[in-house]
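# Analysis of the macromolecular model
Residue-level listing of the chains:
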Amino acid sequence: MNDTRPSRPRHGASGRRDARRRAVELLYEAAQRDTDPRTLLAERVGATEVDPINDYTVTLVEGVAVHRERIDELLAEHAQGWSLNRMPPVDLAVLRVGLYELLWAGDVPDPVAIDQAVGLVRELSTDDSPRFVNGVLGRIGTIADRLRTVL
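So, here's what we can say about the structure.

## Details of the overall build of the protein
The helix and strand inventory of the protein stands at eight helices and zero strands. Scanning the protein from its N terminus toward the C terminus, one meets helices and strands in the order α-α-α-α-α-α-α-α. Burial analysis of the protein (151 residues in total) assigns 42% to the buried set. Looking at the protein as shown, the accessible area adds up to about 8,900 Å², and 49% of this sits on carbon and sulfur atoms.

Put into structure tokens, the structure is as follows:
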């Protein structure tokens, strides 16, 4: 017997993991096209796609866009020996999403934000990237409570 019910949106860890990956992809694409990520997001949300954009993806892309200046300042300050321009673009997109979750997503525990960023960069980038992302977000994670009080 065929199940004709509409598919339900994915929730939980897997749904969020997919949303994070999609946010990284959108941020990466926007950087490559030199366009505002919110503009790209609006184009995609309005388009008829086989794979609709998850609400959490929208939250992440918009959150990174709104806080981008502060996110980039913190990344530049804590990425020892690395300027943002030297970072692989995928790593930078993952770091931005991870830092947004670390500091502004109140429902994501700090270790989860870091772990998810490391997992994403492990899938999407170089063999050295997980250690780099873990180091940068780990350094910021040690002062995250203090940073959140001044945001």
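## Observations regarding helix 3 (residues 55–66)
The terminal C-alpha atoms of helix 3 lie 16 Å apart, and with twelve residues this matches the ideal 16 Å at 1.5 Å per residue to within 8%. Regarding helix 3, the residues found buried are Y56, T57, V58, L60, V61, G63, V64 and A65.

## Some thoughts on unusual backbone geometry
Even without being a glycine, D34 presents a positive backbone phi close to 55°. Note on placement: D34 falls in the loop between helix 1 (12–33) and helix 2 (37–46).

Definitions and limits used
All residue numbers refer to positions counted from 1 along the written sequence of the respective chain. At least 70 in pLDDT is required for a residue's local features to be given in this predicted model, at least 80 for side-chain atom pairs to be given and counted, and no such filter applies to totals for whole chains, interfaces and linings, which use all residues. Hydrogens and water are ignored here; the side-chain numbers use all heavy atoms of the structure. Under the DSSP-based scheme used, a helix requires at least four consecutive residues in state H or I and a strand at least two consecutive residues in state E, with every element numbered from the N terminus. Remark: exposure states derive from per-residue accessible area (1.4 Å probe, protein chains only) relative to the maximum for the residue type, with buried under 20%, exposed over 50%, and partly exposed in between. Throughout, the Shrake-Rupley method with a 1.4 Å probe supplies accessible areas, and for residues the shown protein chains are the sole cover considered. A helix is expected to span 1.5 Å for every residue after the first.

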